[in-house]
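Tertiary structure, described
Okay, here's what each chain looks like letter by letter:
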Amino acid sequence: MRSGIRTIAGADISLSLYSQTVFAGIVVLSFPEMRVLSYSLVQGTARFPYVPGYLAFREVPTIMEAWEQLPEKPDVIMFDGNGILHARRMGIASHFGVLADCITMGCAKKKLAGKFDEPGEGRGQFSEVIDKGDTIGFALRTKERVKPVFISPGHGMSLEDSLNIAMQSVGKYRLPEPTRRAHEHVNLFRTGALPAGYHKVDTLTLF
DNA sequence: GCGACAG
DNA sequence: ATCTTGTCGC
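Residues numbered from 1 in each chain as written. Chains lettered and ligands numbered in written order. Predicted model: local features only at pLDDT ≥ 70, side-chain atom pairs only at ≥ 80, totals over all residues. Heavy atoms only, no water.

1. Considering the UniProt feature "site: Interaction with target DNA" (unreviewed entry) in chain A
Mapped onto this numbering, the UniProt entry gives "site: Interaction with target DNA" (unreviewed entry) at Tyr50. Looking at the element boundaries, Tyr50 is found in the loop between strand 3 (36–45) and helix 1 (55–68). Not counting chain neighbours up to four residues away, the residues in contact with Tyr50 comprise Leu55 and Arg58. (UniProt positions renumbered as here; feature names shortened; annotations may be inferred. Helix = DSSP H or I, 4+ residues; strand = E, 2+ residues; numbered from the N terminus. Contact = heavy atoms within 4.5 Å.)

2. Observations regarding the protein's contact with DNA strand C
DNA strand C sits among Ser14, Leu15, Leu17, Lys109, His183, Asn187 and Arg190. Between Ser14 and DNA strand C, the recorded distance is 2.8 Å, taken from a side-chain N or O atom to a phosphate oxygen. Asn187 has a polar side-chain atom sitting 3.2 Å from a phosphate oxygen of DNA strand C. Those elements that provide at least two residues to the surface near DNA strand C are strand 1 (7–15) and helix 4 (177–190). By residue number, the principal contributor to the surface near DNA strand C is helix 4, which donates three residues. In the surface near DNA strand C, the residues fall into two nonpolar, three polar and two charged. (Near = heavy atom within 4 Å. Polar contact = N/O pair within 3.5 Å; in protein donor to acceptor, adjacent residues only side chain to side chain. Nonpolar A, V, L, I, M, F, W, Y, C, P; charged D, E, K, R; others polar.)

3. Considering the environment of Thr191
Turning to its location among the elements, Thr191 is positioned in the loop between helix 4 and strand 9 (197–200). Using a relative accessible area of 53% as the deciding quantity, one classes Thr191 as exposed. C-alpha separation for the pair Thr191 and Phe23, spaced 168 residues apart in sequence, amounts to 9.8 Å. A polar contact is formed between the side chain of Thr191 and the backbone oxygen of Leu188, at a distance of 3.1 Å. (Buried < 20%, exposed > 50% of the residue type's maximum accessible area, 1.4 Å probe, protein only.)

4. Thoughts on the side chain of His185
Mapping His185 onto the fold places it in helix 4. Taking relative accessible area as the criterion, His185 reaches 9% and is therefore assigned buried. A polar contact of 2.8 Å, which involves the side chain of His185, links it to the backbone oxygen of Arg181. When neighbours within four sequence positions are excluded, His185 is seen to be in contact with Val27, Val36, Tyr39 and Leu194.

5. What to know about the UniProt feature "binding site: Mg(2+)" (unreviewed entry) in chain A
Per the UniProt record, "binding site: Mg(2+)" (unreviewed entry) is annotated on Asp12 and Asp80. On the basis of their most widely separated C-alpha atoms, the annotated residues across 69 residues gather in one place, lying no more than 5.8 Å apart. Looking only at the residues we just named, the largest pocket is lined by Asp12 and Asp80. Position of Asp12 among the secondary structure elements: in strand 1. (1 Å grid on protein atoms, 1.4 Å probe; cavity = no way out; pocket = protein on both sides within 12 Å on 5 of 7 lines; lining within 4 Å.)

6. Overview of the pattern of salt bridges
Scanning the entire structure with this criterion turns up seven salt bridges. The partner of Asp131 in a salt bridge is Arg89, and the shortest N-O contact between them spans 2.9 Å. Here Asp131 is found in strand 6 (residues 126–131), whereas its partner Arg89 is found in the loop between strand 4 (76–79) and helix 2 (92–100), with 42 residues between them in sequence. Classification of Asp131 as buried rests on a relative accessible area of 12%. Judged by its relative accessible area of 22%, Arg89 is partly exposed. Notably, a salt bridge pairs Glu184 with Arg181, separated by 2.9 Å at the nearest N-O pair. Pair noted here: Glu184 and Arg181 are both in helix 4, with a separation of three residues, about one helical turn. The network of salt bridges with shared partners includes Glu177, Arg180, Arg181 and Glu184. (Salt bridge = Lys/Arg side-chain N within 4 Å of Asp/Glu carboxyl O.)

Structure, rendered in structure tokens:
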């Protein structure tokens with residue numbers, strides 16, 4: 001079956017130490033080329049503390065503003081966090097997907113719930129993350145000699161879809177391009193190198 | 001009580 | 001997450 005995916009976005013936020021200011025961003029890239037097409041940056045305020053298992057309550061409000069500011073929605077959004085790889089199967093990707101009624105998935109750098117066996121050492125090797133008898137995601141080795149990332153569907157896709165999309169989104173770094181680019185952009189935004197708002201990348205200047 | 005604990 | 005410099009390895 002065809003993926004039907006033409007664009008995929010990465011969503012993330014950047015924080016300043018000792019500050020409640022949050023810098024949220026969504027970067028849209030072409031799929032599967034992984035070229036940045038546009039991005040939306042919004043500054044907001046964290047009104048909820050970071051509590052493992054409740055990340056969405058802290059980050060979703062500002063990311064939602066960045067989402068509403070996007071004139072053209074991507075086919076899929078990859079979050080820096082989890083989808084159903086969560087104690088209650090409701091990580092930030094699942095949470096946002098339900099609220100915005102869009103297709104989402106999660107890609108976390110550390111395990112939040114469940115158990116898993118270390119995946120094979122090669123690039124593309126993976127293992128299932130299981131919690132209470134349910135497969136809730138995968139530990140995926142995106143490169144050799146790096147710790148695996150944790151992939152899981154958020155809203156509107158299957159476990160298999162999330163793994164396939166994640167694998168097709170990996171470039172030359174450990175983090176898949178969507179979240180890697182999102183992280184890069186929100187950091188440039190926080191340091192003042194990029195202005196708030198919606199920005200379309202000039203494909204003619206892209207070479 | 002002990003270990004785990006996304007960002 | 002963020003604060004930080006150099007440093008080791010491919």
